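The residues making up each chain are set out below.
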Amino acid sequence: MKKPKKLIFPNPKKSLFLPFLPILIILSALLIVFLLRIQNKNNFQPLALGIATNISPSPTTFLIDYVVITETPIPTPTKTPTPLPTKTPTPLPYTSADYEQWFTTYSNHQSINREILKKIAICESNLNPKANNGIYGGLYQFTANSWISIRRAMNLDPNPDLRFDPEEAIKTAAFKIAVSGTKAWPICGK
């Protein structure tokens with residue numbers, strides 16, 4: 001009979017593989033992490049290999065036997081725009097009866113046609129005493145300079161802000177029509 005052969009195990013001290021074992025373990029863990037990151041960039045859910053406890057809050061945690069990927073994006077809160085309050089239109093303190101009374105009073109005072117006085121106001125500003133178009137303003141769209149000169153001729157307060165007072169505007173327009181006609185309003189005065 002033959003003698004059985006002895007199994008010969010390599011001497012761990014003489015093995016070339018053993019000194020590189022920790023390096024191979026680390027490299028294989030890095031390779032797994034790299035592959036998981038590539039997978040995560042392609043919109044796949046990150047994977048967790050194994051069960052790990054006492055995980056530090058770092059994005060990627062390495063354990064000897066476990067690799068846990070925790071790179072789940074945290075949504076940033078978006079600001080909700082604050083709605084702006086809606087402006088409530090302020091009612092005009094003047095009624096149509098006020099306008100009608102002023103048209104009648106000042107056209108009679110200046111002896112002019114009431115309907116022309118009213119027609120020009122409607123044409124120029126649609127009876128809006130706050131109408132403003134560049135340098136022109138008020139019911140009759142007077143410029144500041146023309147307002148001042150007419151009001152001085154009337155011996156009244158020449159403040160250009162009074163153009164936006166409907167009664168003062170009607171009074172001034174009636175005077176202007178009585179003195180020089182409707183040529184100050186070449187389109188609306190026809």
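Here the structure is a predicted model, which means the values were calculated and not measured.

Another point: the overall build of the protein. Across its full length, the protein carries five helices and five strands. Seen in sequence order, the protein has helices and strands lined up from the N terminus as α-β-β-β-α-α-β-β-α-α. Split into buried and exposed, the 190 residues of the protein put 26% on the buried side. Residue pairs in contact within the protein that sit at least 24 positions apart in sequence constitute 42% of those at least 6 positions apart.

On the surface, a nonpolar cluster with roughly 470 Å² of combined accessible area is contributed by Ile23, Leu24, Ile26, Leu27 and Leu30. Note on placement: leucine 24 falls in helix H1 (residues 21-41). The exposure class assigned to leucine 24 is partly exposed, which follows from its relative accessible area of 41%.

Attention now moves to the pattern of salt bridges. Where charged atoms from two side chains of opposite charge come close, those side chains can pair. Per the counting criterion, the structure on display carries five salt bridges. Glutamate 100 is paired through a salt bridge with arginine 114; the nearest N and O atoms lie 2.1 Å apart. Within this pair, whereas glutamate 100 is found in helix H2 (residues 96-110), its partner arginine 114 is found in helix H3 (residues 114-125), the two being separated by 14 residues in sequence. We classify arginine 114 as buried; its relative accessible area is 19%. In this structure, glutamate 100 engages lysine 118 in a salt bridge whose closest nitrogen and oxygen atoms are separated by 2.8 Å. Remark: lysine 118 occurs in helix H3 and glutamate 100 occurs in helix H2; sequence separation between them is 18 residues. Beyond isolated ion pairs, a larger network of salt bridges with shared partners links Glu100, Arg114, Glu115 and Lys118.

Looking now at helix H4 (residues 144-153). Along H4, the positions that sit buried rather than exposed are Trp147, Ile150 and Arg151. In an axial view of H4, the angular spread of the buried residues amounts to 95°, which keeps them on one side of the axis. Across from the buried face of H4, at angles greater than 90 degrees, the exposed residues are Asn145, Arg152 and Ala153. Close packing links the buried residues of H4 with helix H5 (166-180). Just past H4, the residue asparagine 155 takes up positive phi, approximately 60°.

What follows covers the packing of H2 against H5. Look at H2 against H5: their axes get within 9 Å of each other, and the N-to-C directions meet at 30°. As judged from the angle between their axes, H2 and H5 are roughly parallel. As H2 runs across H5, the sense of the crossing is right-handed. Contact residues: Tyr99, Trp102, Phe103, Tyr106 and Gln110 in H2; Pro166, Glu167, Ile170, Lys171, Ala174, Phe175 and Ala178 in H5. A per-class count over the contact of H2 with H5 returns nine nonpolar, one polar and two charged.

Once that is clear, we can look at the packing of aromatic side chains. Summed over all chains, the structure comprises five aromatic pairs. Measuring from centroid to centroid gives 6.3 Å for tyrosine 140 and phenylalanine 142, while their planes differ by 45°, and the two rings are tilted. Summarising the burial analysis for this pair, tyrosine 140 and phenylalanine 142 share the class buried. An aromatic cluster of at least three residues, connected via ring pairs, comprises Tyr140, Phe142, Trp147 and Trp185.

Its location among the elements puts glutamate 168 in helix H5. Engagement of the side chain of glutamate 168 in a polar contact is seen with the side chain of arginine 151, the distance being 2.6 Å. The residues contacting glutamate 168, other than those within four sequence positions of it, are Trp147, Arg151 and Leu162.

About the thresholds
- Residues numbered from 1 in each chain as written.
- Predicted model: local features only at pLDDT ≥ 70, side-chain atom pairs only at ≥ 80, totals over all residues.
- Heavy atoms only, no water.
- Helix = DSSP H or I, 4+ residues; strand = E, 2+ residues; numbered from the N terminus.
- Buried < 20%, exposed > 50% of the residue type's maximum accessible area, 1.4 Å probe, protein only.
- Contact = heavy atoms within 4.5 Å.
- Patch = residues over 30% accessible without salt bridge, like charges linked within 9 Å, V, L, I, M, F, W, Y side chains within 5 Å.
- Areas by Shrake-Rupley, 256 points an atom, 1.4 Å probe, with all protein chains shown as cover.
- Salt bridge = Lys/Arg side-chain N within 4 Å of Asp/Glu carboxyl O.
- Arc of directions from axis to C-beta.
- Axes fitted to C-alpha atoms, helices over the stretch in contact; angles between N-to-C directions.
- Parallel < 35°, antiparallel > 145°, perpendicular 65-115°, else oblique.
- Left-handed = near helix turned anticlockwise from the far one by under 90°.
- Nonpolar A, V, L, I, M, F, W, Y, C, P; charged D, E, K, R; others polar.
- Phe/Tyr/Trp six-rings, centres within 6.5 Å; stacked < 30°, edge-to-face > 60°.
- Polar contact = N/O pair within 3.5 Å; in protein donor to acceptor, adjacent residues only side chain to side chain.

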